[in-house]
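# Structural description and commentary
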Amino acid sequence: MRHIIAVLLENEAGALSRVAGLFSARGYNIESLTVAPTDDPTLSRMTLVTRGNDEIVEQIKKQLNKLIDTVKLLDLSEGPHIEREMMMVKVRAEREAREELKRLADIFRAHIIDVTDTSYVIELTGATNKLDAFIDALPDGSIIEVVRSGPTGIARGEKGLNL
Amino acid sequence: MALTGAESDGANVTAAGVELSGAEIVVQALLDEGVEYAFGYPGGAVLHIYDALFKKGGVKHILVRHEQAAAHAADGYARSTGKCGVCLVTSGPGATNAVTGIATAYMDSIPMVVLTGQVPTPFIGSDAFQEVDTVGITRPCVKHNFLVKDVKDLAVTIRKAFYIATTGRPGPVVVDIPKDVTDPNVKVPYVYPRDIRMRSYNPVERGHLGQIRRAVDLMLEAKRPVFYTGGGVVLGEGSAPLTDLVRATGFPITSTLMGLGAFPGTDDQFLGMLGMHGTYEANMAMHETDVLIAVGARFDDRVTGKIEHFCPHAKIVHIDVDPSSIAKNVKVDVPIVGQVASVLSDMLRLYQERASGAQKTLLADWWAKIAEWRRVDCLRYDQGAEAAIKPQFAVETLYKATQGELYLASDVGQHQMFAAQFHPFDKPRRWINSGGLGTMGYGLPAAIGAQLAHPEAQVACISGDASILMCIQELATCSQYALPIKVMLLNNGYMGMVRQWQELFYESRYSHSYVDALPDFVKLAESFGHVGMRIERPGDLEDAVRDAFAMKDRFVFMDVLVDPTENVYPMIAAGKGHHEMQLSPSLSERELA
Ligand SMILES: Cc1cc2nc3c(=O)[nH]c(=O)nc-3n(C[C@H](O)[C@H](O)[C@H](O)COP(=O)(O)OP(=O)(O)OC[C@H]3O[C@@H](n4cnc5c(N)ncnc54)[C@H](O)[C@@H]3O)c2cc1C
Ligand SMILES: Cc1ncc(C[n+]2csc(CCOP(=O)(O)OP(=O)(O)O)c2C)c(N)n1
């Protein structure tokens, strides 16, 4: 099963490589990993998407928790949560395709954030499958470049993952 | 490195306020930590520290002859005392040489702090002379590591290193110190925090009482219970509560290689070691048990055999301080996260509250079954008077000569297994060997650490002709510090353990397992100023061993020529279960019926 795990880490040099090293050393699957400092500059928050059966995911969580730099960990998939990923797509946009692409962007609530005579950069935020659907919906051959942030997530409700 | 997440109790400090250089801070911090010995080897990046050691003294520095041995000696010191081992090596090759020793300690959860020199901070990343990414290289084989970039962080980082190394599940911690951080001309106020708290690291102490109660429920109902105990009992000083609990319950107990001595090996309730080279009775009991109580053991593949066949009838209780050890390889019914000593004490109390007077009589059938298995006498061997010395006989002779009053370090191979099988240990911390990594070359330097820690005690190292050559340079260290270690070399002219596998699984194709061109070990020992002995006949062995131990202040190297064809049995081959042991061919089929 797919799990999305949020980890609060000490914002120390090397903390990220400990996580990456753990996954490669133990042969765990890692689909995506994003990390950035939080409002508290001494803490980083990492969101990690992995797949595995229950036993493996349990081990992954235990091993992550065991890292000395890990402050807290939450498996967002265990409860109601919101997932968002950000994507920017550079597409060929010429003549009649320009209107078509603009309509498509509107339908997906995406924004066109850069324009040239021949191209758009479209920004879209949403759940991973929405981003996938947008890519599928783009006309064949129109994509020049895609960049995705990898999912981040937050639990629903008033409780927060903090100290 | 910022001080994030760590609070130190400012009121509780030593030498507060004195201005010290980084090099002096290293030495002072070791003193404040109560460190007795540092095992090390100098080099450019640590010269400031060595100079501070020279000027300041206090910490006794033991100069080994290879950095691998520094780590092993610190490890042997730690295993034999329970205290944190310390080593000090230079950057680059000093650090890489130490890696084998660090990984050895990591696999067996040994508390150790390794101080490594590093090139000056402005040079980091420039492929400077003797630069390696020590933090990167050691990351997968340490509990944690630090690179100290500012002298102001040095004292608190060293304190954290000791704290992390010795608490929770112990393990090695590397502190990488760039040379400029130890600059003798840069002084900062020295504060060594006695208490340290880290918001990201909170090791568990007590076990959950509800879980312990559930375990006791199972124990009270059990018809065929077994304790399966491991290195965690030794590491967590759980020997006394374990012994009390095992005696109170009357259950049989078996131990991993790493747990030997936590429960008295000569006690009737002890079934011997389990696993690949465990006893018939221990492994059969594992196969038949209905309630398995695993204590500080990690269900290693050498112990479980094929997982599908592991304890097929049992409910499993697992006590471990590291949650990631629990249910890693085997599903567990009652997980208990906590320190062995406190959990076992709670367990004993709850058990005694509820056990009836007749509890032990429930076990009569089980013990009768075990007695049958014991009658197989799975460790039997024949030592003909005229035949070559059997390695088993040599180990038994060693035990007889010292009456078990011994710290025994071992290398890796058949001799290690024979020692585990034939030398019972009645006390913890007496058996010092590399189990998880299985590092040849471990024995002699580990014995150095143990002998320094226990100067009055008898310390021996059992080794093989291949293993001993991997750290043979340490004979020099032993003569420099006049360490009266006794080496018993079981010299079979082979990498015996490798030869055994080739005999059994590769149709006796002995590919590169013959140890050609062995030195004359007697002369070799003598050349370092030690006593050398060669023992070739079984009849000479006992006197020779006694003579060796009678030389109380001499290092004695006993080169014992043993039967080169002997194999270690019982043996569970790869992919087999506990009930599928291969026994010594000299035990006839009839005896197994
Ligand atoms: C040639 C060779 C042959 C071998 N054959 C065998 C064999 O036949 N049988 C055998 O048993 N081994 C054998 N081994 C050793 C084997 O490889 C493992 O090292 C060993 O089985 C592991 O022992 P353990 O389970 O006790 O774990 P250890 O490595 O000692 O781990 C200790 C466990 O206790 C936990 N722990 C630590 N401190 C505490 C505490 N304070 N409180 C609670 N828990 C704690 C840790 O988290 C860990 O899970 C062999 C090794 C070699 C080199
Ligand atoms: C550093 C290292 N290299 C290789 C091995 C693989 N290995 C395990 S046992 C063994 C042979 C040990 O031979 P010896 O020391 O003579 O002991 P014996 O088995 O003969 O008692 C080898 C090569 C190892 N454990 N460690």
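If you look chain B up in an unreviewed UniProt entry, it shows as Acetolactate synthase from Imhoffiella purpurea. According to its UniProt record, chain B has this under Sequence similarities (unreviewed entry): "Belongs to the TPP enzyme family." Under the UniProt heading Catalytic activity (unreviewed entry), the entry covering chain B gives this text: "2 pyruvate + H(+) = (2S)-2-acetolactate + CO2".

Looking up chain A in an unreviewed UniProt entry gives the name Acetolactate synthase small subunit, with the organism given as Imhoffiella purpurea. Per its UniProt entry, chain A bears the Subunit (unreviewed entry) comment "Dimer of large and small chains." Quoted verbatim from the Sequence similarities (unreviewed entry) field of the UniProt record, the comment on chain A reads "Belongs to the acetolactate synthase small subunit family."

### A few points about the overall build of chain B
In terms of helices and strands, chain B carries 20 helices and 22 strands. Since a compact globule built from 593 residues should have a radius of gyration of about 25 Å, the 25 Å found for chain B is in line with a globular shape. Here the C-alpha coordinates of chain B stretch approximately 80 × 60 × 40 Å along the principal axes. Residue burial in chain B is summarised as follows: out of 593 residues, 59% are buried. Pairs at least 24 residues apart make up 77% of the contacts formed inside chain B by residues separated by at least 6 positions.

### Observations concerning the sheet that holds strand β19 (residues 459-464) of chain B
Residue and element names in this part refer to chain B. If you trace the 6 strands from one edge of the open sheet to the other, you get β18-β17-β19-β20-β22-β21, paired in parallel fashion. Edge positions in the sheet fall to β18 (431-432) and β21 (531-535), since each of these pairs with one other strand and no more. Two strands pair when backbone bridges link them, and β21 and strand β22 (residues 556-561) are joined in this way by 5 bridges, in the parallel orientation. In the sheet register, M533 faces β22, and the bridge partner there is M558.

Calculation notes
- Here the residue numbers are simple positions, counted from 1 along each chain's written sequence.
- Just so you know, chain letters begin at A and ligand numbers begin at 1, following the order they were written in.
- Local features in a predicted model are, by the rule used here, given only for residues with pLDDT of at least 70; side-chain atom pairs are given and counted only at 80 or more, and totals for whole chains, interfaces and linings are based on all residues.
- Hydrogens and water are ignored here; the side-chain numbers use all heavy atoms of the structure.
- UniProt positions are given in the numbering used here, feature names are shortened, and annotations may be inferred rather than shown by experiment.
- Numbering of helices and strands runs from the N terminus; a helix is a DSSP stretch of H or I covering at least four residues, while a strand is a stretch of E covering at least two.
- Taken over C-alpha atoms, the radius of gyration is set against a globule rule of 2.2 Å times the number of residues to the power 0.38.
- Three exposure classes are used, based on accessible area relative to the maximum for each residue type with a 1.4 Å probe and protein chains only: buried under 20%, partly exposed in between, and exposed over 50%.
- Contacts: residue pairs with any heavy atoms within 4.5 Å of one another.
- DSSP-based pairing: two strands are paired if at least 2 bridges between them are found.

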